[in-house]
Amino acid sequence: MRESYKLIFERSREGRRSYDLPALDVPAVDAIPANMKNESKLDLPEVGEVDLVRHYTNLSRRNFGVDNGFYPLGSCTMKYNPKINEEVASMSENMHPLLDEDMAQGSLRLMYDLEGYLSEICGMDAFTLQPAAGAHGELTGLMLIRAYHEKRGDMERKTIIVPDAAHGTNPASAVMAGFKVKEIKSAPDGGVDLDALREAVGPDTAGLMLTNPSTLGLFERNIKEIAAIVHEAGGLLYYDGANLNAIMGIVRPGDMGFDVMHINLHKTFSTPHGGGGPGSGPVGFKKHLEPFMPVPVLVEREGMIEMDYDRPDTIGKVKNFYGNFGVIVRAYAYIRSLGGAGLKEASMNAVLNANYIKNALRGVFAIPHDRICMHECIVTPTEEMMEKGVHTTDIAKALIDRGYHPPTIYFPLIVHEAMMIEPTESESRETLDEFIEAMKDIANEALTNPESVHACPKNTPIGRPDETTAARKPIVRYTKPE
Amino acid sequence: MIPNDRKYTREHDWVKIEDGVAILGITDHAQEALGDIVYVELPDVDSEIAIGDSYTTVESVKAASPVDSPVAGKVIEVNEALDEQPELLNEDAYGQFIAKIEVTEVNEDALLTAEEYEQLLAEEE
Amino acid sequence: MKSYVPNTLKERREMLEAIGLKSMDELFSDIPADLRLNRELDLPAPMSEIELRDLMIGYILQNDEGGLLFRGAGAYRHYIPSVVPQLAARSEFYTAYTPYQAEMSQGMLQSIFEWQTVICNLTGMEASNASVYDGATAASEAILMMRDSKRKNKVLYSAGLNPDVICTIKTYAHCYGIELVEVPLNKDGITDMDALKAKLPESAGFIAAQPNYFGCIENMDAIAETVHEAKALLVSYVNPISLGAIKRPGDYGADIAIGDAQPMGLPLNFGGPYVGFMATSGKLIRNLPGRIAGETTDAEGGRAFVLTLQAREQHIRRDKASSNICSNQMLCAIMSTIYACTMGPEGMREVAEQNIAKAHYLASELCKIKGIKLRYETPFFNEFVIDTEIPAEQINEALKDMCIVGGLVLEDGGMLWCATEMNTKEDIDFLVDMLKNIVEGAEE
């Protein structure tokens, strides 16, 4: 079963090739100054086409995606990625981004319309599609908050409040945007501690970053009070849209009082994660932040969509061109396929599936906050399991052997030994039932034969890797043996 | 168990002050809590450190722990062996220093005796 | 109506019963009633796959890709071998998340390791990360790397960087509180060395472009020497497809090499997704932002790949992290890796040489037309600037009628032209004939 797999560099044989180009039909020129020429042969693989194709085909078989099986990775919304979206996304591959506006009306119109749909779904006044990922959207949204306070001459507002249950990107993005971070402890149920928040806000408060449903998968019932506390203190509310899949068509961040937010199109709107990217992190905001949005801004004039760069208060640009267009097209197709009712149906079933799993695991695993959850639930090993030395990592590895991708583990940080399970609406009842059985089976094994759980995974191309040596003596590229 | 020849902080660091030079390191409890240490971010020699500045960050695979200095002054020496062998801190936390600082000021309030530190450990248990 | 929810209404009811609830609505009882959206979202009606395909074709028909393309300026049309999209379409790759569980993600982790090796070998550097969003964000991250490793708050950048890159680094630098200073180009379209020298003191480093936005090839040996004399870092923003012919950043001592790998196997796609790369000397490896794959062994001693040096990253270091990046552009990086492995050393050289030849042929033919002049005498790669007697906009409007996308009109009225291996001699000759007619027509 276990065998390592050669690198493409190790398959190289001098003189092999799998490319061809037409013969040069213009005179060759020797244009590069002598001291700027690359005289050496680049160290890249030389392989035949069939070997290259087999290499990557077989590499893909050593990987696991949503198309292979259940992937309940909490906070990541690993829903099914519809194939029609892939098809339509490839239609505009030859569009150069710097074509004149009149040549790109189809693409611009699609982006303009998507901005409108996202505004409606989220209760925001406008959206920009430029950010390339969720964290990039956070950074952009925080830049808007900063520009807003600066424009008002409110220069002391330099602190962003972040609950300790937040995604790590929240504090990291706040620091990148030039803010100080004030972390507040969560209430026992994982929600915002109102007293702690009241104490934290002040004349230095730029804003609060919040995920709702929270990272514990619970809806923040005090959201109106939270919004009032922050707004009264002069701060703005940032909504981390990572958990938007729970609430589409049910409640909107804009109506909850949020001023600015990002969406992960690669979570809620079904675009594939690509093994870690590309994603897309559109940012939505209320009217008062619109002057600061990144350029270009899409505007409709006389039936034409134009790109407006003349925005004196803009934060500028946050990346090349206009965003991850190919991802944007997929999300657009998803929304048009489902319509408003379909999006709501998706959210409702995502929540149903999560509660179904949580309910079935009650009594088998510990459930730290056992009330109706939203799109994800958190369970932990029981005391007895941990006494036998079986921890969350071991359960994750045992799931791998049973053909499942594990849930998100050890997050949120405020729950000891957390396993965060997000099934999404894509999964059928049988899939959920089988997963529940696998979890029960592992729980039983943990108590009766913990050694066997420790030995997992057994059915994978590699066993548990030595991460310590990898970090102490990093090898991050292949070098030919001497 | 806990060496008597130096002082401790509540954050599980030790400091030994000899002839105006503070020798700084982390305690055995700290290394054990971190697990396998994979990297020690050493300060630059000659850099000025204020009380409360984090003068080093000690990394394990899953954590990064900044270490705050209980003294102020100029860094005069760092333990370069940790560059190649960060695991030395796991093996002998009290025998391996991280940095030496020429002291201009000491935050005496923050320092515990071996006895007091032992008591702190007992309380945290 | 289209739905990707497999469970039937009956099954949903049964599941609700199992939980002990009567209605779907009860699932949302935590949400205050007055906040709930008590209407359906106001979105267009759902549609079937047939209707959706028609709709999308309708958008495409509103576009006009143009026939012949002679425009680059940061996004380039190159040959994409068919194996690239075919292999990247393996859904084991594209429907996976970040490879946090190494045992079931060896395919992705090894692919990242191969990408890192490709980037290191192309740039002549020792370490690479798993990618960032694009070239502009790579430059923005590089600014932070420079500041943090030099502990200086001033960073220089070349006026020869792509304007989108300049605009982006300004946005980021404002937030970081970093002072950005532009180093102008001289009359030959390359870095003004006197200005560089004058501005270097107290700077953390300098971001240069090779080739620069105007296509000109910079003397990076001289730049590297000057920058290093001032004890500053050199960041080289390169077009990776030029590296088959142009000296690699590592060979002239650059400390960080960055850029956008779009020219290696990625379609134009109206500006994205592309993929930013970042490579450094070994000693700066811990300053790299984002994910990095590393080689190690498993319990049985076999070779294994993992995400490593994770203690630098936001999910561990939170507000102390060097960057907030989480998702990157992994699938795009795989496509560029497959491209580089398909082309191999010979292909990378040949494609670079063809670009140089085509661009020079285009330039020399254009300059035969009365009233068109090459702006700089400096050697160039696959782009160059011309000045025209009749307004550039007028030229492009006329070319558009002939299904030709001409050079990009610059703010100062010049035109930035690009030719790659995709432009045949026949196409170039046709363009030149048309342009001749336009220019002569304008004179009459």
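Our subject is the structure that appears above.
Keep in mind that what you see is a predicted model, and the values were worked out from it rather than measured.

Turning our eyes to something else, we now look at the overall build of chain C. A count of helices and strands for chain C gives 13 helices and 15 strands. Referenced to the eigenvectors of the C-alpha coordinate spread, the extents of chain C come out at roughly 85 × 55 × 50 Å. Within chain C, buried positions represent 67% of all 444 residues. Summarising the internal contacts of chain C: among those between residues at least 6 apart in sequence, 69% fall at separations of at least 24. If you sum the accessible surface of chain C, you get close to 14,400 Å²; carbon and sulfur atoms cover 50% of it. Considering chain C, the positive charge centre built from 40 side chains and the negative charge centre built from 61 side chains are found 6 Å apart.

In this section: the overall build of chain B. Within chain B one finds 4 helices and 9 strands. Start at the N end of chain B and walk to the C end: the helices and strands fall as β-β-β-α-β-β-β-β-β-α-α-β-α. The C-alpha radius of gyration of chain B comes to 13 Å, within 12% of the 14 Å expected for a compact globule of 125 residues. A principal-axis box enclosing the C-alpha atoms of chain B has dimensions of 35 × 35 × 20 Å. Here chain B holds 125 residues, and 50% of them are scored as buried. For chain B, contacts bridging at least 24 residues in sequence account for 62% of all contacts bridging at least 6. When the accessible surface of chain B is totalled, it reaches about 6,300 Å², and 41% of it is carbon and sulfur. If you average the places of the 7 positive and of the 32 negative side-chain charges in chain B, the two averages end up 3 Å apart.

Turning our attention to the state of the cysteines. One covalent bond between the sulfur atoms of two cysteine residues makes up a disulfide. Residue and element names in this part refer to chain C. In total, this model carries 0 disulfides over all chains according to the counting rule given. With no disulfide of its own, Cys175 lies closest to Cys167 among cysteine sulfurs, the gap being 13 Å. Cys403 takes part in no disulfide bond, and the closest cysteine sulfur, belonging to Cys418, lies 19 Å away. Here Cys403 falls in the partly exposed class, since its relative accessible area comes to 44%.

Before going further, it helps to spend a moment on the interface of chain C and chain A. With 190 residues of chain C in contact, the opposing surface of chain A contributes 208 residues. Approximately 17,100 Å² of surface area, both sides summed, lies buried where chain C meets chain A, with 62% of it carried by carbon and sulfur atoms. It is Glu103, Phe270 and Arg318 of chain C in chain C that bury the most area against chain A; as a group they hold 6% of the surface buried on that side. For the pair chain C and chain A, the interface holds 16 salt bridges. A salt bridge links Glu14 of chain C to Arg429 of chain A; the nearest nitrogen and oxygen atoms lie 2.7 Å apart. Our enumeration of links across chain C and chain A arrives at 101 residue pairs in polar contact (both at pLDDT 80 or more). If one sorts the elements of the side of chain C that touches chain A by residue count, helix H11 (residues 330-366) of chain C sits on top with 23 residues. Tallied by class, the residues present in the side of chain C that touches chain A amount to 94 nonpolar, 51 polar and 45 charged.

Moving on, we come to the packing of aromatic side chains. Going through the model one piece at a time under the given rule, you end up with 24 aromatic pairs over all chains. Considering the side-chain rings of Phe321 of chain A and Tyr322 of chain A, the 6.1 Å spacing of their centres and the 65 degrees angle between planes classify their relative orientation as edge-to-face. Residue class for Phe321 of chain A comes out buried when judged on its relative accessible area of 4%. Relative to Tyr117 of chain B, the ring of Tyr8 of chain B lies with its centre 4.8 Å away and its plane at 10 degrees, an arrangement referred to as stacked. With Tyr8 of chain B in strand S1 (residues 7-8) and Tyr117 of chain B in helix H4 (residues 114-124), this pair connects stretches of sequence that are 109 residues apart. For Tyr117 of chain B, a relative accessible area of 0% corresponds to the buried category. Here the aromatic residues Phe321, Tyr322 and Phe325 of chain A together with Phe270 and Tyr274 of chain C are joined through ring pairs into a cluster of three or more. One Lys or Arg, Arg286 of chain C, reaches over the ring of Tyr39 of chain B and ends 3.5 Å from the middle of that ring.

This part takes up the nonpolar core. Nonpolar side chains in soluble globular proteins tend to end up buried together. Residues Leu197, Phe269, Leu343, Phe365 and Met439 of chain A are the most contacted members of the largest nonpolar core, which totals 142 residues. Leave out the neighbours within four places in its chain, and Leu197 of chain A touches Ile161, Ile184, Val192, Leu208, Ile226, Ile229 and Val230 of chain A. Listed in part, the 85 residues of the second largest apolar core include Leu200, Ala245, Leu307 and Ile356 of chain C.

This part is about a negative patch on the surface. A cluster of acidic side chains, namely Asp28, Glu32, Glu91 and Asp92 of chain B, defines a negative patch on the protein surface. Accessibility expressed as a relative area gives 37% for Asp92 of chain B, which makes it partly exposed.

Definitions and limits used
- Residues numbered from 1 in each chain as written.
- Chains lettered and ligands numbered in written order.
- Predicted model: local features only at pLDDT ≥ 70, side-chain atom pairs only at ≥ 80, totals over all residues.
- Heavy atoms only, no water.
- Helix = DSSP H or I, 4+ residues; strand = E, 2+ residues; numbered from the N terminus.
- Buried < 20%, exposed > 50% of the residue type's maximum accessible area, 1.4 Å probe, protein only.
- Contact = heavy atoms within 4.5 Å.
- Areas by Shrake-Rupley, 256 points an atom, 1.4 Å probe, with all protein chains shown as cover.
- Lys, Arg positive; Asp, Glu negative; His and termini not counted.
- Charge placed at Lys NZ, Arg CZ, Asp CG, Glu CD.
- Rg over C-alpha atoms; globule rule 2.2 N^0.38 Å.
- Disulfide = S-S within 2.5 Å.
- Buried area = accessible area lost by both parts, 1.4 Å probe.
- Salt bridge = Lys/Arg side-chain N within 4 Å of Asp/Glu carboxyl O.
- Polar contact = N/O pair within 3.5 Å; in protein donor to acceptor, adjacent residues only side chain to side chain.
- Nonpolar A, V, L, I, M, F, W, Y, C, P; charged D, E, K, R; others polar.
- Phe/Tyr/Trp six-rings, centres within 6.5 Å; stacked < 30°, edge-to-face > 60°.
- Lys NZ or Arg CZ within 6 Å of the ring centre and 35° of its normal.
- Core = buried A, V, L, I, M, F, W, Y, C linked by side-chain atoms within 4.5 Å.
- Patch = residues over 30% accessible without salt bridge, like charges linked within 9 Å, V, L, I, M, F, W, Y side chains within 5 Å.

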